[in-house]
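Tertiary structure, described
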Amino acid sequence: MQKTLDVLGQVCPFPLVEAKEIIEEISSGDELVIQFDCTQATESLPRWAAEAGHTVTNFEQIGEATWTITVQKK
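Residues numbered from 1 in each chain as written. Predicted model: local features only at pLDDT ≥ 70, side-chain atom pairs only at ≥ 80, totals over all residues. Heavy atoms only, no water.

1. Quick look at the overall build of the protein
When you go through the protein residue by residue, the secondary structure sums to two helices and four strands. N-terminal to C-terminal, the α/β element order of the protein is β-α-β-α-β-β. For 74 residues, the compact-globule estimate of 2.2 N^0.38 gives 11 Å, and the protein sits close to it at 11 Å. Dimensions of the protein, computed from C-alpha atoms along their principal axes, come out at roughly 30 × 20 × 20 Å. Across the 74 residues of the protein, 35% fall into the buried class. Long-range contacts, defined here as pairs at least 24 residues apart, represent 61% of the contacts in the protein between residues at least 6 apart. Approximately 4,200 Å² of the protein is accessible, and the part contributed by carbon and sulfur atoms is 46%. (Helix = DSSP H or I, 4+ residues; strand = E, 2+ residues; numbered from the N terminus. Rg over C-alpha atoms; globule rule 2.2 N^0.38 Å. Buried < 20%, exposed > 50% of the residue type's maximum accessible area, 1.4 Å probe, protein only. Contact = heavy atoms within 4.5 Å. Areas by Shrake-Rupley, 256 points an atom, 1.4 Å probe, with all protein chains shown as cover.)

As structure tokens, then:
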């Protein structure tokens, strides 16, 4: 299963806070797709995923200041 979290327009640390909450609601192996435009999250989201043991399966810039990251829950 894949769940999408759209946090466009939210300032840090809210994209990370919301991602942590949503990842708890999905099952192991499921993916969380996070769409965000907070530059600090380009570092904080991948770091959090790695530290928590999750796998980043996609991370790309989709606009001038917009990114998407897909995190697969461990």
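Right, picking up where we left off after that structure.
2. So, the UniProt feature "domain: UPF0033" (unreviewed entry) in the protein
In this numbering, the UniProt entry assigns the feature "domain: UPF0033" (unreviewed entry) to residues 5-29. Helix makes up 48% of residues 5-29 and strand 8%, with an end-to-end C-alpha separation of 17 Å. (UniProt positions renumbered as here; feature names shortened; annotations may be inferred.)

3. Comments concerning the sheet that holds strand E3 (residues 55-63)
Taken together, the four strands give an open sheet; going across it, the order is E1-E2-E4-E3, and neighbouring strands pair in mixed fashion. Strands at the two margins of the open sheet, each flanked by one partner only, are strand E1 (2-6) and E3. Here the strands of the sheet are splayed against their neighbours by 15 degrees on average, with no regard to which way each runs. Summarising the sheet, strand E2 (residues 31-36) and strand E4 (residues 66-72) pair through six bridges and their orientation is antiparallel. When the sheet's bridge partners are listed, Glu-31 is paired in E4 with Gln-72. Across the sheet, helix H1 (residues 14-25) lies against E1, E2 and E4, angled at about 155 degrees from E1, the strand it touches most. (Pairing = 2+ DSSP bridges. Axes fitted to C-alpha atoms, helices over the stretch in contact; angles between N-to-C directions.)

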